[in-house]
Amino acid sequence: MSRTALRICPLCEATCGLTLTIDDGRVTGARGDRDDVFSKGFICPKGAAFGAVDSDPDRLRTPLVRVDGELREATWEEAFDAVAAGIRPVVERYGPHAVGVVLGNPNVHTMAGALYPPLLIAGLGTRSLFTASTLDQMPKHVSSGLLFGDANLIPVPDLDRTDHLLLIGANPLESNGSLCTAPDFPGRLRALKARGGTLTVVDPRRTRTARLADRHLAVRPGTDALLLAAMAHTLFDEDLVDLGGCAPYVDGLDELGAALRDFTPEAVSGACDVDAETVRALARELAAAPTAAVYGRIGSCTVPHGTLASWLVDVLNVLTGNLDRPGGALFPQAATDRTPRPAGPGRGFALGRWHSRVRRHPEAKGELPMSALAEEIDTPTDEGEPVRALVAVAANPVLSAPDGDRLDKALGSLDFMVSVDPYLNETSRHADVVLPPPPPAQSPHHDFAFNTLAVRNQVRYTRPAVPLEPGRMAETEILARLVLAATGMHGADPAAVDDLVVGRTLGKAAGDPHSPVHGRDPKELAALLGGGSGPERRLDMMLRLGPYGDGFGAEPGGLTLEKLLAHPHGIDLGPLRPRLPQPLKTRSGKVELLPAPIAADLPRLRAALADRPGGLVLVGRRHLRSNNSWMHNVPALTGGSNRCTLHVHPDDAGRLGVRDGQPVRVRGAGGEVTAPAEVTDAVRPGVVSLPHGWGHDRPGTRTRHAATDPGVNVNQLLDGSLLDPLSGNAVLNGVPVEVAPVAEAVTETSGALT
Ligand SMILES: Nc1nc2c(c(=O)[nH]1)N[C@H]1C(S)=C(S)[C@@H](COP(=O)(O)OP(=O)(O)OC[C@H]3O[C@@H](n4cnc5c(=O)[nH]c(N)nc54)[C@H](O)[C@@H]3O)O[C@H]1N2
Ligand SMILES: Nc1nc2c(c(=O)[nH]1)N[C@H]1C(S)=C(S)[C@@H](COP(=O)(O)OP(=O)(O)OC[C@H]3O[C@@H](n4cnc5c(=O)[nH]c(N)nc54)[C@H](O)[C@@H]3O)O[C@H]1N2
Ligand code: SF4
Ligand SMILES: [Mo]
């Protein structure tokens, strides 16, 4: 029997609503849900392949436990017994920091990943936390923490209303957007142009997004912070600063102007390879536009000055009066956000409250750099213990983090490792226990993270589209049991984990004079919660306490889970609205334009004014039909132009003697790889591009289709030593490499590496 079911797509940040066709409990089709309040029917090739992704035969169906060196199928009970037996002795003998937690990207795409990892980390009491954020957007968290006092308060470009978008190091026509949740991002860009708006793209590659732009600037990789600093300088220099409505909430304007004095358009021009007049034009256009938004992503974050570039993106929004105004960059207000408190000074944002053991990297947002994971395992020091046990949830750092070969070895040396992962892949193959979550059609979905980054306030929830297959365990339950097993409560009822959170949260809310439930009995409130499972009760609680909630009766008509379930296509909560000063949590209660850690990092940027890299530098790229490291196993999404090739500009190819299609050797500080060359003027001269997430040729994995076209691991070119110092974010773009045709000797000297 054929039926349909709704499911929010978890395959990228756009969060499109899908209508799945289900035959005999299997997803046989997917189309865009035209009634979805946010995505209105949009779907991309990945969403259309939802059924194939969901029913990939290589997905693990049962837990695996290592016995005599070999991973064997096991029962859930055996698997959690093994987890408890593996982790507890490490905690007891070496202390909590000897247990590392690694969280990968899909945690922001599952309810389980939002609700349980914080309990795992707190329960273990470990400081050895490594996540995909330090391969990605940690610079943005740090800049937001410093500017606004809240690392999760990230301004989002008002795509649907802006008159001018300056897009830096992002390629939403392939990625479908990031830190800016917008189903049909491409359509929204076309609409911007159709209403007379302008789009400027800064990217060393002429991407599909760049081809849509009114102006494309092929900047030299890694130099955006200089470019943006010179734009800000121009605004001061030409008296174009106009803070608009946020003037009363901004601190440090004069100090900022003084700090940027050296960054003239002429001074940055050589390093950025952009002429000074163009820099001025960019600044003037931004100031002149009725509304404008500056937006930066991967190319602005995963670089040596990632935090400064991220900071300058919002500095420009502030200086042009575009922060917190319609058409500019605003702060979304999600339905599960905490009850807004009255404006006023907050606690501010602290960096470096502790440091990594080996190279003394400062923590950021409670995390240590993913680039430091291998050394934290394989390098003993006089003080502190190496990481000896690891809990990896939805993470494949062997491919996604620098120097996979070293990490591969380090993982093999652990006393114990558990992976929560649907695949036996490059990372999970090292686990002693693999706990496979069910495929997405069998999981409920709500976007806790992406609704706080969406271009429109809205709320949606979809229950599992098909029931759990026999022998499957919901990922929420897997993680709840993992929390219990890892924290010495093995065997307790997993519902106790949710009850604990509910009790604590409601207790706090009842004691909070600003909460709608102030003074009420937490037990009585808990009894009012709806939902058919622990995670649903927690969602109901968050909705009811949230900014649109019913306040457990205090705001009749407000949001509850019950109401949300009655709106299967979601509830629209309106366009983004100005919110300042309420969400600011800096000590001053204002936007702090020139925070001390930023000011202290500016001399490093000033030194970069003199940089003129002579050799080739490497950047990445994404393909619409791919997603990081884990979608190469789906035949429908592979092949065609989705290949692991090295893009080389014709001028460079000519100089190096590289022909199209020929294998070339790429060498970096961390190692070398060989990939076919694709000669194309889509990259600027001096830049080569290789996508990440490939390299599926390690033994002991079980991703059969991916292994037929394994590609190479670009991150093997990195040695993990290049970081943005403030955020600990890996430098993945603008990395010096040497390139040579395989048949011949390496023609570039090591001079290119300096
Ligand atoms: N050179 C270079 N490297 C990069 C990047 C780059 O641009 N260039 N990008 C970086 C970025 S932005 C990111 S976010 C990281 C990503 O880094 P990771 O998060 O380490 O990589 P993913 O490939 O997303 O792997 C996620 C893992 O989750 C598993 N998984 C998939 N679905 C689920 C699920 O529902 N539940 C669970 N438990 N597991 C699941 C997959 O099988 C896979 O093993 O890579 C980074 N690495
Ligand atoms: N199809 C697909 N979609 C995805 C993913 C995927 O792997 N595939 N991954 C998801 C994830 S985890 C994320 S974080 C997002 C990322 O979303 P985006 O940031 O939009 O992703 P990218 O396509 O990597 O775009 C980064 C761009 O920065 C450019 N760039 C590199 N170095 C520099 C530089 O120094 N300066 C400037 N100005 N530009 C530079 C690159 O050429 C590239 O075009 O995408 C998400 N969506
Ligand atoms: S754009 Fe993203 S969320 Fe939408 S269908 Fe494609 S993969 Fe899914
Ligand atoms: Mo990412």
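Residues numbered from 1 in each chain as written. Chains lettered and ligands numbered in written order. Predicted model: local features only at pLDDT ≥ 70, side-chain atom pairs only at ≥ 80, totals over all residues. Heavy atoms only, no water.

## Things to note about the site of ligand 3
- Taken together, the residues surrounding ligand 3 are Cys9, Leu11, Cys12, Ala14, Thr15, Cys16, Phe42, Cys44, Lys46, Gly47 and Asn176.
- Across the shell around ligand 3, the residue classes tally to 7 nonpolar, 3 polar and 1 charged. (Near = heavy atom within 4 Å. Nonpolar A, V, L, I, M, F, W, Y, C, P; charged D, E, K, R; others polar.)

## Quick notes on the packing of helix 10 (residues 224–237) against helix 15 (residues 306–319)
- Viewed as axis vectors pointing N to C, helix 10 and helix 15 meet at an angle of 25 degrees, and their least axial separation amounts to 9 Å. Comparing the axis directions of helix 10 and helix 15 gives the class roughly parallel. The hand of the helix 10/helix 15 crossing is left-handed. Between helix 10 and helix 15, the contacting residues are Ala225, Leu228, Ala229, Met231, Ala232, Leu235 and Phe236 on the first element and Leu308, Ala309, Leu312, Val313, Val315, Leu316 and Leu319 on the second. (Axes fitted to C-alpha atoms, helices over the stretch in contact; angles between N-to-C directions. Helix = DSSP H or I, 4+ residues; strand = E, 2+ residues; numbered from the N terminus. Parallel < 35°, antiparallel > 145°, perpendicular 65-115°, else oblique. Left-handed = near helix turned anticlockwise from the far one by under 90°. Contact = heavy atoms within 4.5 Å.)

## Notes on the domain arrangement of the protein chain
- Domain annotation for the protein chain reports domain 1 (2–54), domain 2 (64–126 + 352–445 + 461–492), domain 3 (138–336 + 589–605), domain 4 (493–569) and domain 5 (613–741).
- Taking only C-alpha atoms, the centre of domain 2 and the centre of domain 5 are 27 Å apart.
- Domain 2 puts 24 residues into the contact, and the matching count from domain 5 is 29 residues.
- The largest contributions to the domain 2 side of the interface with domain 5 come from Leu399, Tyr423 and Leu424, which together make up 27% of the buried area.
- Two residues, Arg698 and Asp405, come together in a salt bridge whose shortest N-O distance is 2.9 Å.
- Joining domain 2 to domain 5, the criterion identifies 15 residue pairs in polar contact (both at pLDDT 80 or more).
- Where the side of domain 2 that touches domain 5 is concerned, the elements lending two or more residues are helix 17 (397–400) and helix 18 (404–412).
- Here the side of domain 2 that touches domain 5 is composed, by residue class, of 11 nonpolar, 7 polar and 6 charged. (Domains from an automatic or database assignment. Buried area = accessible area lost by both parts, 1.4 Å probe. Salt bridge = Lys/Arg side-chain N within 4 Å of Asp/Glu carboxyl O. Polar contact = N/O pair within 3.5 Å; in protein donor to acceptor, adjacent residues only side chain to side chain.)

## Examining unusual backbone geometry
- A cis amide bond links Leu580 with the next residue in sequence, Pro581, at an omega value of 5 degrees.
- Note on placement: Pro581 falls in the loop between strand 19 (571–575) and strand 20 (591–592).
- Positioned with a positive phi, Ala394 is a non-glycine residue whose angle comes to about 55 degrees.
- As for its position among the elements, Ala394 is in the loop between strand 15 (389–393) and helix 17.
- Ala394 gets classed as buried once you look at its relative accessible area, which sits at 14%.
- The backbone of Asn628 sits at a positive phi, close to 45 degrees, despite the residue not being glycine.
- For Asn628, the location among the structural elements is in the loop between strand 21 (616–619) and strand 22 (646–648). (Buried < 20%, exposed > 50% of the residue type's maximum accessible area, 1.4 Å probe, protein only.)

## A look at the nonpolar core
- Counting 60 residues, the largest nonpolar core has Leu226, Met231, Trp311, Val591 and Leu593 as its most contacted members.
- When residues of this core are traced back to their parent elements, those giving at least two are helix 6 (138–148), strand 9 (164–168), helix 10, helix 11 (253–259), helix 12 (265–272), helix 13 (276–288), helix 15 and helix 24 (596–608).
- If sequence neighbours within four positions are ignored, Leu593 has contacts with Leu147, Val250, Asp251, Gly252, Leu253, Leu256, Trp311, Val315, Val318 and Leu319.
- Ile87, Ile121, Val391 and Val418 belong to the second-largest nonpolar core, a separate cluster that totals 56 residues. (Core = buried A, V, L, I, M, F, W, Y, C linked by side-chain atoms within 4.5 Å.)

## Overview of the site of ligand 2
- Every one of the 31 residues lining ligand 2 counts as a neighbour, but Ser175, Asp203, Gly222, Asp224 and His623 are closest to it.
- Asn171 places a polar main-chain atom, nitrogen or oxygen, 2.9 Å from an oxygen atom of ligand 2.
- Asn627 places a side-chain nitrogen or oxygen 3.3 Å from a nitrogen atom of ligand 2.
- For ligand 2, the protein covers 98% of the area, taking 920 Å² as the surface of the free molecule. (Areas by Shrake-Rupley, 256 points an atom, 1.4 Å probe, with all protein chains shown as cover.)

## Overview of the sheet that holds strand 9
- If you walk across this open sheet you meet the 4 strands as 11-10-9-13, and the pairing is parallel. In this open sheet, the two edge strands, each paired with only one partner strand, are strand 11 (215–217) and strand 13 (293–296). When the angles between neighbouring strand axes are averaged without regard to direction, this sheet yields 15 degrees.
- Relative to strand 11, strand 10 (residues 198–202) runs parallel, the two sharing 3 bridges. Residue pairing across strands places Val201 opposite His216, the latter belonging to strand 11.
- Across the face of the sheet, helix 13 comes into contact with strand 9, strand 10, strand 11 and strand 13 while running at roughly 135 degrees to strand 11. (Pairing = 2+ DSSP bridges.)

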